[in-house]
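What the coordinates show
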Amino acid sequence: MIDLLKDLWAFMRVRKKFWLAPIIVLLLLLGTLIVFTEGSALAPLIYTVF
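About the cut-offs
Residues numbered from 1 in each chain as written. Predicted model: local features only at pLDDT ≥ 70, side-chain atom pairs only at ≥ 80, totals over all residues. Heavy atoms only, no water. Helix = DSSP H or I, 4+ residues; strand = E, 2+ residues; numbered from the N terminus. Axes fitted to C-alpha atoms, helices over the stretch in contact; angles between N-to-C directions. Parallel < 35°, antiparallel > 145°, perpendicular 65-115°, else oblique. Contact = heavy atoms within 4.5 Å. Nonpolar A, V, L, I, M, F, W, Y, C, P; charged D, E, K, R; others polar. Phe/Tyr/Trp six-rings, centres within 6.5 Å; stacked < 30°, edge-to-face > 60°. Buried < 20%, exposed > 50% of the residue type's maximum accessible area, 1.4 Å probe, protein only. Expected span 1.5 Å × (residues − 1). pLDDT = per-residue confidence, 0-100.

Quick look at unusual backbone geometry
In this structure, Lys16 is a non-glycine residue whose phi angle is positive, near 60°. Here Lys16 lies in the loop between helix 1 (2–15) and helix 2 (20–36).

Considerations on the packing of helix 1 against helix 2
At a minimum axis distance of 11 Å, the contact between helix 1 and helix 2 shows a crossing angle of 150°. Of the possible angle classes, the one that applies to helix 1 and helix 2 is roughly antiparallel. The residues of helix 2 that touch helix 1, namely those facing Leu8, Phe11 and Met12, are Leu20, Ala21 and Ile24. Classifying every residue of the contact of helix 1 with helix 2 gives six nonpolar, no polar and no charged.

Considerations on the environment of Leu29
Along the polypeptide, Leu29 turns up in helix 2. Residues Leu29 and Leu8, 21 residues apart in the sequence, show an inter-C-alpha distance of 17 Å.

Considering the packing of aromatic side chains
Evaluated as defined, the whole model comprises one aromatic pair. Judged by centre distance (5.8 Å) and plane angle (55°), the ring pair of Trp9 and Phe18 falls under tilted. The partly exposed category is assigned to Phe18, whose relative accessible area is 40%.

Points about helix 1
Between its first and last C-alpha atoms helix 1 spans 20 Å; for 14 residues at 1.5 Å apiece the expected length is 20 Å, and the two agree. Of all 14 residues that make up helix 1, one are buried, and the element is exposed over most of its length. With its phi angle positive at about 60°, Lys16 sits one or two positions after the end of helix 1.

As for the confidence of the model for the chain
Put simply, the chain has an average pLDDT of 84, and 94% of its residues get 70 or more. Helix 3 (residues 43–49) is the least confidently modelled element of the chain, averaging 73 in pLDDT, while helix 1 averages 90, the highest of any element.

This is the structure:
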């Protein structure tokens, strides 16, 4: 996993694609939100929002 992050950072640095960083962070946050709220009482709220 660390190698993937290093490669991704090197790609963004070399190709000057720093605009990808906020998109990747947002996708990771949404993914963790869905995983952690899957079995909780917040699940119906999350699914109605999305």
